[in-house]
Amino acid sequence: MKHLEVVLDYVDDKVLSSYDAMVKRVENAHETLLNKSGKGNDFLGWVDLPKTIDTDLDRIEQVGNELKNTADILLVIGIGGSYLGAKAVTQGLDQYFDNSGMEIVFAGHHMSAAYLAELKTYLQDKRFAINVISKSGTTTEPAIAFRMFRVLLEERYGKAGAAKRIVATTDARKGALRKLADQEGYECFVIADDIGGRYSVFSPVGLLPVYCAGHDIRALVKGASDSYDAFHVKKETEDLYRYVSTRNLLYENGKHIEMLVNYEPKLHYVGEWWKQLFGESEGKEHKGIFVASGAFTTDLHSLGQYLQEGKRVMFESVIDIVEPLDDTTILIDRENVDGLNYLAGKSVDTINKKAMLATLLAHYEGGTSSILLRLKRLDAYHLGVLLYFYEVACALSGYVLGVNPFDQPGVEAYKKNMFALLEKPGFEAETKAIYKKLKK
């Protein structure tokens, strides 16, 4: 089979009746992206990244090896795309209970006081290093975490010793983090101006933590590079067009919620990464599909009821890992108290796939369409294929929708309110106004 296939057998035929017309719209979006002539064309550095990042891989590995020699834990500090790509890949490739690479711990992606305090206690007597990821260095959540854990490093090793254990991934020239990094002598990687956070997984933002975790970043990039090649050859874009066209047809037919479903828990954070990618890219101008994720068969015992018989506003995208990660089989039990001897000799993966097929059929018959994405196997190469596929699909979907897939103006609204409530200098007028609103 191909590395990635998109199957439409479980999509409502009435929806697909307009498929050819939608494909033409997707083709136009494809041309717009290739020509770099659409909205947000100053943020298209990610498109060629699988080809251009090769020159940085040696240095990423060199710095990663230095961190491994210095520490047992890498604390990755960042929010949004500054941590989700690395988290998606490391969780997707890690063993469940035993890993050979550094332990990767994340902070700066929320403001839980309990989490930060407990993490500080956890790191207190351990060798750790920091990879802080921020273009500006002033984003509230990572800035708070970096301030706290930089002090912990400096208390233990002194400023000079701490500096050897801190890597900053930031702007090339400007921003608070760049200024501090230059002042303290931190090792630095650059986040290019034309690459947004949610499209940065194939840059040092994602690759350094993935390498430190003990995974093959060259295979990951090779998968993305081969996906890039297919994207640039029109005869090989059939699966990409199937996904983008079908999800947009479903949206135009009143299916406004897409749930990304996995049957392998290692893919949980792929779903989280995907939610940010599509949610932040499409949800604007009062348009866009609301994206959610689910883990089956677990969530069939909760959300399954709604998907089967709830309001018909949802559709699913189901990731099927074709080649099993393991072939554990069910054994014969002479007592057969649980009545499972009929499964004896079958692998757990086979049973899982039968559950997936049963669910696809039940949901299809119940009026919920499912787009099936069949990924050949779950390894670094195929994750690279999948993640780059989604990046391109998201860009094309945004253009079909008529929005800029590369900005996020709505994210600033909560920040302005938060700064006003915290009485940040320069927000005096906003502070006065917001307290006036609250009194009402």
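Conventions used here
Residues numbered from 1 in each chain as written. Predicted model: local features only at pLDDT ≥ 70, side-chain atom pairs only at ≥ 80, totals over all residues. Heavy atoms only, no water. Helix = DSSP H or I, 4+ residues; strand = E, 2+ residues; numbered from the N terminus. Expected span 1.5 Å × (residues − 1). Buried < 20%, exposed > 50% of the residue type's maximum accessible area, 1.4 Å probe, protein only. Arc of directions from axis to C-beta. Contact = heavy atoms within 4.5 Å. Salt bridge = Lys/Arg side-chain N within 4 Å of Asp/Glu carboxyl O. Phe/Tyr/Trp six-rings, centres within 6.5 Å; stacked < 30°, edge-to-face > 60°. Lys NZ or Arg CZ within 6 Å of the ring centre and 35° of its normal. Axes fitted to C-alpha atoms, helices over the stretch in contact; angles between N-to-C directions. Parallel < 35°, antiparallel > 145°, perpendicular 65-115°, else oblique. Left-handed = near helix turned anticlockwise from the far one by under 90°.

### Concerning helix 2 (residues 19-35)
Here comes step 1: With 17 residues, helix 2 extends 24 Å between its outermost C-alpha atoms, agreeing within 8% with the 24 Å of an ideal straight helix rising 1.5 Å per residue.
Here comes step 2: For helix 2, the set of buried residues is Tyr-19, Met-22, Val-23, Val-26, Ala-29, His-30 and Leu-33. Down the axis of helix 2, the buried side of the element spans an arc of 115 degrees, and every buried residue falls inside it. Opposite the buried face of helix 2, by more than 90 degrees, sit the exposed residues Asp-20, Ala-21, Lys-24, Asn-28 and Asn-35.
Here comes step 3: At its buried positions, helix 2 is contacted by strand 1 (4-10), helix 1 (13-16), helix 10 (217-231), helix 11 (238-252) and helix 15 (380-401).
Here comes step 4: With its phi angle positive at about 55 degrees, Lys-36 sits one or two positions after the end of helix 2.

### Side note on the pattern of salt bridges
Here comes step 1: Counted by the stated rule, this structure contains 30 salt bridges.
Here comes step 2: Two residues, Glu-61 and Arg-218, come together in a salt bridge whose shortest N-O distance is 3.0 Å. In this pair, Glu-61 sits in helix 4 (residues 54-70) while Arg-218 sits in helix 10, placing the two residues 157 residues apart along the sequence.
Here comes step 3: Put simply, Glu-154 and Arg-150 hold a salt bridge, and the shortest N to O gap is 3.7 Å. Taken together, the residues Glu-154 and Arg-150, both in helix 7 (residues 140-163) and four residues apart, mark about one turn of the helix. The exposure classification of Glu-154 matches that of Arg-150, with both residues buried.

### Observations regarding the packing of aromatic side chains
Here comes step 1: Tallied over the entire structure, the rule returns 19 aromatic pairs.
Here comes step 2: For the pair Tyr-243 and Phe-278, a centre-to-centre distance of 6.5 Å together with 90 degrees between the ring planes defines the contact as edge-to-face. Of this pair, Tyr-243 sits in helix 11 while Phe-278 sits in helix 12 (residues 268-282), and the two are 35 residues apart along the sequence.
Here comes step 3: By relative accessible area, Phe-278 is classed as buried at 0%.
Here comes step 4: Through successive ring pairs, a cluster of aromatic residues spans Trp-46, Tyr-199, Phe-202, Tyr-228, Tyr-388, Tyr-399 and Phe-406.
Here comes step 5: The ring centre of Tyr-122 lies 4.1 Å from the NZ or CZ of Lys-126, which sits over that ring.
Here comes step 6: Over the ring of Tyr-157 we find Arg-165; its NZ or CZ atom is 3.7 Å from the centre of that ring.

### Here we look at the environment of Leu-220
Here comes step 1: By the element assignment, Leu-220 lies in helix 10.
Here comes step 2: The class of Leu-220 is buried, set by a relative accessible area of 1%.
Here comes step 3: It is 8.9 Å that separates the C-alpha atoms of Leu-220 and Leu-207, two residues lying 13 residues apart in sequence.
Here comes step 4: Each residue touching Leu-220, except ones within four places of it in the same chain, is listed here: Val-89, Phe-202, Leu-207, Ala-380, Tyr-381, Leu-383 and Gly-384.

### Examining the packing of helix 4 against helix 9 (residues 204-212)
Here comes step 1: Direction vectors running N to C along helix 4 and helix 9 enclose 45 degrees, while the axes themselves pass 9 Å from each other. Between helix 4 and helix 9, the angle falls in the class oblique. Handedness of the crossing formed by helix 4 with helix 9: right-handed. Seen from helix 4, the contacting residues are Leu-57, Ile-60, Glu-61, Val-63, Gly-64, Asn-65, Leu-67 and Lys-68; seen from helix 9, they are Pro-204, Leu-207, Leu-208, Tyr-211 and Cys-212.

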